[in-house]
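Chains, contacts and geometry: an overview
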Number of protein chains: 2
Amino acid sequence: MSEVTRVVLDAMGGDHSPGEMVLGAVNAVKEKRELFVYIVGPEDKIKGELAKLEYPKEQIEIVHAPDEITCHDTPVNAIRSKKESSMVIGLKMLKEGKADGFVSPGNSGAVLVGGQVIVGKMKGIERAPLAPILPTMNGVTLLIDCGANVDAKPSNLVQFAKMGSIYMEYVAGIPNPRVGIVNIGAEEEKGNTLVKETFPLLKECKDINFIGSIEARDFPNGAADVVVTEAFVGNVMLKLTEGLASGLMQKIKEGMTATPISTLGAALVKTQLKKTLKTFDATEYGGAPLLGLNGLVVKIHGNATNKEVKNALFQVETFKKQDINGKIKEYLLS
Amino acid sequence: MSEVTRVVLDAMGGDHSPGEMVLGAVNAVKEKRELFVYIVGPEDKIKGELAKLEYPKEQIEIVHAPDEITCHDTPVNAIRSKKESSMVIGLKMLKEGKADGFVSPGNSGAVLVGGQVIVGKMKGIERAPLAPILPTMNGVTLLIDCGANVDAKPSNLVQFAKMGSIYMEYVAGIPNPRVGIVNIGAEEEKGNTLVKETFPLLKECKDINFIGSIEARDFPNGAADVVVTEAFVGNVMLKLTEGLASGLMQKIKEGMTATPISTLGAALVKTQLKKTLKTFDATEYGGAPLLGLNGLVVKIHGNATNKEVKNALFQVETFKKQDINGKIKEYLLS
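Attention in this report is confined to the structure presented alongside it.

What counts as what
Residues numbered from 1 in each chain as written. Chains lettered and ligands numbered in written order. Predicted model: local features only at pLDDT ≥ 70, side-chain atom pairs only at ≥ 80, totals over all residues. Heavy atoms only, no water. Helix = DSSP H or I, 4+ residues; strand = E, 2+ residues; numbered from the N terminus. Rg over C-alpha atoms; globule rule 2.2 N^0.38 Å. Buried < 20%, exposed > 50% of the residue type's maximum accessible area, 1.4 Å probe, protein only. Contact = heavy atoms within 4.5 Å. Areas by Shrake-Rupley, 256 points an atom, 1.4 Å probe, with all protein chains shown as cover. Lys, Arg positive; Asp, Glu negative; His and termini not counted. Charge placed at Lys NZ, Arg CZ, Asp CG, Glu CD. Least-squares fit on C-alpha atoms with pLDDT ≥ 70 in both. Patch = residues over 30% accessible without salt bridge, like charges linked within 9 Å, V, L, I, M, F, W, Y side chains within 5 Å. Salt bridge = Lys/Arg side-chain N within 4 Å of Asp/Glu carboxyl O. Buried area = accessible area lost by both parts, 1.4 Å probe. Polar contact = N/O pair within 3.5 Å; in protein donor to acceptor, adjacent residues only side chain to side chain. Nonpolar A, V, L, I, M, F, W, Y, C, P; charged D, E, K, R; others polar. Phe/Tyr/Trp six-rings, centres within 6.5 Å; stacked < 30°, edge-to-face > 60°. Lys NZ or Arg CZ within 6 Å of the ring centre and 35° of its normal. Arc of directions from axis to C-beta. Pairing = 2+ DSSP bridges. Axes fitted to C-alpha atoms, helices over the stretch in contact; angles between N-to-C directions. Parallel < 35°, antiparallel > 145°, perpendicular 65-115°, else oblique.

Let us now look at the overall build of chain A. Within chain A, the regular secondary structure consists of 11 helices and 11 strands. Against the compact-globule benchmark of 20 Å for 334 residues, chain A has a radius of gyration of 20 Å, which places it among compact chains. Relative to its 334 residues, chain A shows a buried fraction of 59%. In chain A, once contacts between residues fewer than 6 apart in sequence are set aside, the share between residues at least 24 apart is 72%. A total accessible area of about 13600 Å² is found for chain A, and carbon and sulfur atoms account for 51% of it. If you average the places of the 39 positive and of the 40 negative side-chain charges in chain A, the two averages end up 2 Å apart.

Here it is, written out as C-alpha cells:
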C-alpha cells in the first residue's frame, strides 16, 4: 500500500476562486487514490461547488476559513492581521505537519511572506527562492529565484543552483539537469559583482552540472534546465516574458483579423497554431515551488484553471514521493 | 544655408558589411544635401560598392582602414591593438572633431569601450549609458542603460534619466517623456537597494516627468517613454526581448505551416501579419545611442540593412541640430 499525500489547497485569492480550485481538487483525487486534499475557504462556498460534482468523499475535507487575502492586500500586513484567511490557515496546517504541501493561486507576495514566516525555512537554508517553471522552445526551464528577497549573496545563489537541480531532476524528471547563471555575456570574466563572485563557486560544485553563463537571449531556447539568478533579475525576466508573449499574441491577432481575406486565413491556421502554441505552456508541471521550506509551498497562477490546480496537487505528491526535502538536507550536510 | 552634419560610418563588422553600409550612406546623402559621410573601411572594398551606385560625390569620402574588429575580438584588446581597424580610425576622427557622430554595426563591446576610451565622456558625466530604442505595442521606449558598465550607483541612474529624457524629447520627438524605473512591484517601498535609493532622487528631479516604478510586464505595453535601469538588468531585458520575439515568431511559423490547410491559411494572413508586425520595429529611429560622450556614438544592429544605416545617419543629424550635448551640458550645470 502506498502512502497518502496530503495537500492543503487554498481555494481563495484566484481569478476563478473557488470554482476552478474545487474542480481541480476533485479531478485530482478522482485520478489518484493516494491523494488527500484539504480545501480551505468559506465553508458554504466550497460546499456549494462540491455539491455540483461527484467524487470520492473520503479524499476531500473542507477546512473553514471565513476571510480572504486579496491582490490588494500588502503581503506582510495581510499575513500578520488576516489570521482567519484561507492562506494563513492553510499555511499553518502545513507548518503543523497536517499536510505535505500547500497550493495557492493567491497574492504572490503574501505566499512568499507566509511561506517564510509561517512555514519557515529548513535549517541551513539561507533563503527560500521562488522558482517558476517556464516554457521554452523545446521544453521547460526552472528560473530560480523570482521571489521578493532581492540583493542575494553568492552563497544564496549556490544553494539555489543545488535546490533547483534536485527539483528538476526528481520532480520534472530531467536527468543531470544543466545549470546556467544569467549573465550579460558568455565569457567567465563578464558580469556584475554578484555573478563574478558566484561563477567560480558554481564551477567548484561537483554535484551539479554547471554549464556556465547563459545570456537572456538564449533563455527562451532552453539553453539550460536550471537558470540561476538573483531575484530582482529573475522577477524582471519572468514578468517580461509574460508581458511580451501576451503583447505579441495580441499584435498577431490584430494582424490576422485586419481584412476579410486575412480573417479567412486566420480561420484556416487557427487549429494548428493553437496546437503549436500549446506546447509553449508549462502548466502541466504545476505551479512555481517555493523551495527550501519545511514543506512544499506552490504558487499557481492567479488565473489558474482546474488543470493547473490538479497538476500542482500532483506536483506535491511527486515532491513527497521523491523526498526532495530529504535530498536537500543530504546536500546541506555534505 | 543650413550647416553640414558630418558622420563617420564604420562600414565593417556587420553581417552585411560593407555592401548595406555603403548603400545606406548613399541613400542618406541622396535624401539630405546637408549630410556628409566618411565611410571607413578597406578602400578597395568600399570603392567596389560605391562603383555600383550613383550618388553626389561631394557628400561621401572614403577613409581607408585595412583592419577590422570582428565579433570574435575581445573589446578592450581590440580597441588597444587594432589601431588600423575601421572602428578605431573612425572613433578617433570623432574625437578629433572631424565629425559630429559615429555609426557602427560592429562588436558591441568594442563600440562601448572605444566610445569611452577614445571619444571620452563629457565633463561631469559619470557613466556613458547605451540606450537602445525598443518597439512597444503602441510606439517606442528608450531602455537606458543596456551597456557593459554594471553595478551602477543611484547618481548614475539619475543622470541616465535626465539624458534619456532629453534624447526622447528632442531626437525621438516625444514631448515631456514619461520616465519610469524598472522595479519588481509598483509600490515605492519595493525594489532592491539601488532602486530604493534611486527612487526618491528621481522623485525630486523637477526637470523630468517621473512616473514611478514600472514592472517588466508593462514594459512591452509602452508604460514609459524612458525606462531607467542598471546595465545588467537592461542588458537582460534587451536580450530577452530579442530572444523571445524571434522564438515566438518561429513557433508561429511552425504552427502555420504544419498542415496543407494551415499553409493555405498562412498564405492568406501573410500580408496583413507582416504589415502589423512591421509596426513592431524601431529601426526608423536609427540605432542605440551611447549618450554622454564628446560626440554621438551610435550602435546599429549587427545585421543592419541600408534602411537602419540611413536612419542612424539621420539620427546623428537630428542630434546635432537639436544640440543634445548642449542641452546635457546645461543640465549638468544646473
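What follows is about the relation of the copies chain A and chain B. It takes a turn of 180° to lay chain A on chain B, together with a shift of 0.0 Å along the axis; the resulting RMSD is 0.0 Å. Such a turn and shift between the copies fits a two-fold axis. Rotation axis and chain A: the residue whose C-alpha lies nearest the axis is Gly265(A), separated from it by 1.9 Å. When the interface residues of chain A are mapped onto chain B, 100% of them are again interface residues, pointing to one common binding face.

Turning our attention to a positive patch on the surface. Residue and element names in this part refer to chain A. Where like charges cluster on the molecular surface, the positive patch consists of Lys253, Lys270, Lys274 and Lys278. For the positive patch, the element with the highest residue contribution is helix α9 (residues 260-278), accounting for 3 residues. Among the structural elements, Lys253 can be located in helix α8 (residues 231-256). Lys253 gets classed as exposed once you look at its relative accessible area, which sits at 61%.

For interface size, the figure often reported is the accessible area lost on association. With 51 residues of chain A at the interface, the matching set in chain B holds 51 residues. Where chain A abuts chain B, roughly 4900 Å² becomes buried across the two surfaces, and 77% of that area is made up of carbon and sulfur atoms. If you sort the residues of chain A by the area they bury against chain B, Ile184(A), Phe232(A) and Lys251(A) come out on top, with a joint share of 15%. Between the two partners, chain A and chain B, sit 4 salt bridges. For the salt bridge of Glu215(A) with Lys239(B), the shortest nitrogen-to-oxygen distance reads 2.4 Å. At the surface where chain A touches chain B, the tally comes to 10 residue pairs in polar contact (both at pLDDT 80 or more). Of all the elements in the fold, those that place two or more residues in the side of chain A that touches chain B are β7 (178-183), α7 (193-204), α8 and α9 of chain A. Among the elements that take part in the side of chain A that touches chain B, α8(A) stands out by supplying 20 residues, more than any other. Taken together, the residues of the side of chain A that touches chain B break down into 28 nonpolar, 16 polar and 7 charged.

The next point concerns the packing of aromatic side chains. Under the criterion given, the structure shown has 6 aromatic pairs over all chains. The interplanar angle of 70° and the centroid separation of 5.0 Å between the aromatic rings of Phe36(A) and Tyr38(A) together place this pair among those described as edge-to-face. The ring of Tyr55(A) is capped by Lys57(A), whose NZ or CZ atom sits 4.0 Å from the centre of that ring. The ring of Phe314(B) carries Lys32(B) above its face, with NZ or CZ at 4.6 Å from the centroid.

Quick look at the side chain of Ser213(B) now. Residues and elements named next belong to chain B. Along the polypeptide, Ser213 turns up in strand β8 (residues 209-215). On the basis of relative accessibility, which here comes to 12%, the residue Ser213 falls in the buried class. Here Asn183 takes part through its side chain, which lies 3.1 Å from a polar atom of the side chain of Ser213. In this view, Ser213 contacts Ile181, Asn183, Gly185, Ala186, Glu187 and Phe199; residues no more than four positions away in its chain are not counted.

On to α7(A). For the α-helix, the turn length of 3.6 residues means that residues three or four positions removed from each other point alike. Residues of α7(A) that are buried include every one of Leu194(A), Val195(A), Thr198(A), Phe199(A) and Leu202(A), and no others. The buried residues of α7(A) occupy an angular sector of 125° when projected down its axis, which confines them to one face. Exposed residues pointing more than 90 degrees away from the buried face of α7(A) are listed as Lys203(A) and Glu204(A). Buried residues along α7(A) sit against α6 (154-170), β7 and β8 (209-215) of chain A together with α8 (231-256) of chain B.

Residue and element names in this part refer to chain A. Following the sequence through the fold, Asp145 ends up in the loop between β6 (139-144) and α6. At 5.4 Å, Arg127 is the nearest oppositely charged side chain to Asp145, a buried residue that forms no salt bridge. In terms of polar contacts, Asp145 uses its side chain to reach the backbone amide nitrogen of Leu130, at 2.8 Å. Among the polar contacts made by the side chain of Asp145, one reaches the main-chain amide nitrogen of Gly147 at a distance of 2.7 Å. Setting aside residues up to four positions removed in sequence, Asp145 forms contacts with Pro129, Leu130, Phe160, Thr229, Glu230, Ala231, Gly234 and Asn235.

Residue and element names in this part refer to chain A. Of the two faces of strand β11 (residues 296-299), the one lined by Leu296 and Val298 and the one lined by Val297 and Lys299 are each fully buried. Of the pairings in the sheet, the one linking strand β4 (residues 101-104) to β11 comprises 4 bridges and is parallel in character. By the bridge assignment, Val103 is partnered in β11 with Val298. Pairing of strand β10 (residues 288-290) with β11, which is carried by 3 bridges, proceeds in the antiparallel orientation. Bridge pairing links Leu290 to Val297 in β11.

In a structure, side chains of opposite charge can pair up when their charged atoms sit close to one another. Residues and elements named next belong to chain A. All chains considered together, the criterion is met by 32 salt bridges over all chains. Residue Glu58 is joined to Arg33 by a salt bridge in which the shortest nitrogen-to-oxygen separation is 3.2 Å. One end of the pair, Glu58, is in the loop between α2 (43-51) and β3 (60-64); the other, Arg33, is in the loop between α1 (19-31) and β2 (35-41), and 25 residues separate them in sequence. Residue Arg33 is classed as exposed on the basis of its relative accessible area of 56%.

Our focus in this paragraph is the packing of α8(A) against α9(A). Residues and elements named next belong to chain A. Interaxial distance between α8 and α9 falls to 9 Å at its minimum, and their mutual angle equals 150°. With respect to each other, α8 and α9 are oriented roughly antiparallel. Residues Met249, Gly255 and Met256 of α8 touch α9, and the partners they reach there are Ser262, Thr263, Ala266, Val269, Leu273 and Leu277.

Moving on: the sheet that holds β8(A). All names here are of chain A. The sheet built from 5 strands is open, its strands ordered β5-β6-β9-β7-β8 with mixed pairing. The sheet is open, and its two borders are formed by β5 (133-136) and β8, each paired with just one other strand. Neighbour to neighbour, the strand axes of the sheet diverge by 30° on average, direction disregarded. The pairing of β6 with strand β9 (residues 226-228) spans 3 bridges and is parallel. For Leu143, the partnering residue across the bridge sits in β9 and is Val227. Against the sheet, α8 touches β5, β6 and β7, its axis set at about 145° to β6.

Function cannot be read off these values alone, since they describe shape.
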